[in-house]
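# Structural features, examined
Listed here are the chains, written in short residue letters.
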Amino acid sequence: MQLHSIKDVLPDSVSSDFQNLNRVNKQEFCHLTEILFQFLLEPKEVKRFMQQLLDFAGEHGMSAGPLRSLMRSVLLVSQGALKKNLTAEQMSEDLLTLGLNEDKATYFSQKWGEHYPALSKQAVGQTLKVNQLVDMEWKFGVTVGTSEVQKAGSIFLQLKLMVRRGNSTQNLYMELTLPQFYHFLHEMERAKANMDSFN
Amino acid sequence: MAADVTTEDFTNLQLLLKAPTKDAVRDVCVQSHRGPSRQLTETTAATFSIPAAQAAQLTQSLHTLSHHVLFQNLTSPDQILAVFPEYFHSSLKNLITKILLENGPEWRSEVLSHQVSLPQLQDLDWRVDLVSSSDSLSRVAVPTCLVQLKMEDPCPSADGDSVSTVTVELSRESLDTILDGLGRIRDQLSVVAGK
């Protein structure tokens, strides 16, 4: 089976799962699609996803087990499609190849197209980031005096950068003098101008 | 910590009268400011032909005097002359005052740049990358900024390095937020400067 979304060999269950999906009626299919996209847009909400499937199974007199494995297959195809940046058309082709009937394939790929910008934004957000800056706090003031100089009047700026390292956040504290601050500001403006040129 | 200059200190300072040249006085004043050291004591004892114990006391008293002047920010000749007692040798007093006035600005800026502080930002380098692919998306076109900050800790821990480098990744949104914050700081600074 040649799919756009997945180049590896598919598990056996996938074909039969999609056949089973054909037996679901239109209204139920719409509901399932909604649940699926909600999860794809918020992949951290696993519990909620599971609960929604359980509720759905209860409402429509299905058993939860087969429903879960069915959704697993749909998820597999969807996640592969997202990785490969599939268009709505390509998604539709894949679904038809997998044996989904035309109505459902068209509906699903239409929803795919609608949600695609949000989905890819979410996927970009999950792209590997090294030492990502999560937050920055600052304060600045005047040094009034020190143990060496009774009356001073120099301006200082203190920055606290919160950097994500793996699962935890590391705090970096630093101090800048006024010239260093202006240099920092200037460099950041240059970086931003450079980034903006990519638009 | 700047201590007061005592009568004993002035007694010790009179030892400067034994200096062979004015330059010798200048040298010992400047080096004492940094802090007492055995080497300095030995050199002074040799130059001035005085016992080591007296040399040590001399450098300590000079240190106390120069730090007192620095702490009080005495910048005019009159202010410094006023520190000396009446009986102090007049020309020596003028010479020491002159040396303290000459070095004052340099000492002040040096101490202000080495004061108690958080690690100081020494250097900043940045790079903008265009992410073209990732394991979660095979085609991406998202710019990202990497900033390398070099910081120097003025008081590093016993086994720690004084200079530390950290590289931080910023998304476009983070960079915007940072610039927003920095802009506000700049505005506030110009308000303060305007006052």
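Residues numbered from 1 in each chain as written. Chains lettered and ligands numbered in written order. Predicted model: local features only at pLDDT ≥ 70, side-chain atom pairs only at ≥ 80, totals over all residues. Heavy atoms only, no water.

## Some points on the side chain of Asn85(A)
Note that Asn85(A) resides in the loop between helix H4 (64-83) and helix H5 (88-97). Here Asn85(A) falls in the buried class, since its relative accessible area comes to 10%. Within the structure, the side chain of Asn85(A) is placed 3.4 Å from the side chain of Tyr116(A), a separation counted as a polar contact. Leave out the neighbours within four places in its chain, and Asn85(A) touches Gln90(A), Tyr116(A), Leu137(B), Ser138(B) and Arg139(B). (Helix = DSSP H or I, 4+ residues; strand = E, 2+ residues; numbered from the N terminus. Buried < 20%, exposed > 50% of the residue type's maximum accessible area, 1.4 Å probe, protein only. Polar contact = N/O pair within 3.5 Å; in protein donor to acceptor, adjacent residues only side chain to side chain. Contact = heavy atoms within 4.5 Å.)

## Topic: the environment of Arg72(A)
Along the polypeptide, Arg72(A) turns up in helix H4. On a C-alpha basis, the gap between Arg72(A) and Val124(A) in space is 22 Å, while along the polypeptide they are 52 residues apart.

## A word on helix H2 (residues 22-34) of chain B
An α-helical segment advances 3.6 residues per turn. Residues three or four places apart therefore align on the same side. Residue and element names in this part refer to chain B. Where H2 is concerned, the buried positions are Ala24, Val25, Val28, Cys29, Ser32 and His33. On an axial view of H2, the arc spanned by its buried residues comes to 165°, and they lie on one face. Tucked into the core, H2 has its buried residues touching helix H3 (38-48), helix H4 (52-72) and helix H6 (90-113). Downstream of H2 by a residue or two, Gly35 has a phi angle that is positive, lying close to 145°. (Arc of directions from axis to C-beta.)

## Some remarks on the domain arrangement of chain A
For chain A, the assigned domains are domain 1 (12-128) and domain 2 (130-197). Of note, the centres of domain 1 of chain A and domain 2 of chain A, computed from C-alpha atoms alone, are 46 Å apart. (Domains from an automatic or database assignment.)

## Some points on the pairing of strand S2 (residues 142-152) of chain B
Residues and elements named next belong to chain B. Pairing analysis gives 11 bridges linking strand S1 (residues 120-131) to S2, with the strands arranged antiparallel. Across the sheet, the residue bridging to Leu124 is Leu149, located in S2. Two elements, S2 and strand S3 (residues 163-170), share 8 bridges in a ladder whose sense is antiparallel. Looking at S3, one finds that Cys145 is bridged to Leu170. (Pairing = 2+ DSSP bridges.)

## Digging into helix H3 (residues 46-59) of chain A
Residue and element names in this part refer to chain A. The terminal C-alpha atoms of H3 lie 20 Å apart, and with 14 residues this matches the ideal 20 Å at 1.5 Å per residue to within 8%. Listing the buried residues of H3 in full gives Phe49, Leu53, Phe56 and Ala57. Buried residues of H3, seen end-on, are gathered within an arc of 100° and therefore sit on one face of the element. Facing away from the buried side of H3 by more than 90 degrees, the exposed set consists of Lys47, Gly58 and Glu59. Among the structural elements, helix H2 (26-41) and H4 are those in contact with the buried residues of H3. Among the residues trailing H3, Gly61 stands out with phi positive, at a value near 65°. (Expected span 1.5 Å × (residues − 1).)

## Thoughts on the pattern of salt bridges
Oppositely charged side chains may form a pair once their charged atoms are brought near each other. Evaluated as defined, the whole model comprises 12 salt bridges over all chains. In this structure, Lys192(A) engages Asp176(B) in a salt bridge whose closest nitrogen and oxygen atoms are separated by 2.7 Å. With Lys192(A) in helix H7 (residues 178-196) and Asp176(B) in helix H7 (residues 172-194), the pair connects residues from two separate chains. Classification of Lys192(A) by relative accessible area gives partly exposed; the value is 21%. By relative accessible area, Asp176(B) is classed as partly exposed at 32%. Ionic pairing is found between Glu42(B) and Arg38(B), a salt bridge with its closest N-O pair at 3.7 Å. (Salt bridge = Lys/Arg side-chain N within 4 Å of Asp/Glu carboxyl O.)

## Details of the interface of chain A and chain B
If you look at the interface, chain A gives 56 residues, while chain B gives 53 residues. Carbon and sulfur atoms make up 67% of the area that chain A and chain B hide from each other, which totals about 5300 Å². The largest contributions to the chain A side of the interface with chain B come from Glu148(A), Met188(A) and Met195(A), which together make up 14% of the buried area. Scanning the region where chain A abuts chain B turns up 3 salt bridges. (Buried area = accessible area lost by both parts, 1.4 Å probe.)

## Focus: the nonpolar core
Membership of the largest hydrophobic core comes to 41 residues, with the highest contact counts inside it found for Phe18(A), Leu21(A), Phe108(A) and Trp112(A). Taken together, the elements giving at least two residues each to this core come down to helix H1 (13-23), H2, H3, H4, H5 and helix H6 (102-125) of chain A. Setting aside residues no more than four positions away along its own chain, Leu21(A) makes contact with Phe29(A), Leu32(A), Leu70(A), Val74(A), Leu100(A) and Lys104(A). Phe10(B), Leu62(B), Val69(B) and Leu74(B) belong to the second largest nonpolar core, which has 33 residues in total. (Core = buried A, V, L, I, M, F, W, Y, C linked by side-chain atoms within 4.5 Å.)

## Let's talk about the packing of H5(A) against H6(A)
All names here are of chain A. The N-to-C vectors of H5 and H6 enclose an angle of 150°; their axes lie 8 Å apart at closest approach. Taken as axis vectors, H5 and H6 run roughly antiparallel relative to one another. For the pair H5 and H6, the crossing hand works out as right-handed. Residues Ala88, Met91, Ser92, Leu95 and Leu96 of H5 form the contact with H6, whose own contacting residues are Glu102, Ala105, Phe108, Ser109, Trp112 and Gly113. When its residues are assigned to classes, the contact of H5 with H6 shows 7 nonpolar, 3 polar and 1 charged. (Axes fitted to C-alpha atoms, helices over the stretch in contact; angles between N-to-C directions. Parallel < 35°, antiparallel > 145°, perpendicular 65-115°, else oblique. Left-handed = near helix turned anticlockwise from the far one by under 90°. Nonpolar A, V, L, I, M, F, W, Y, C, P; charged D, E, K, R; others polar.)

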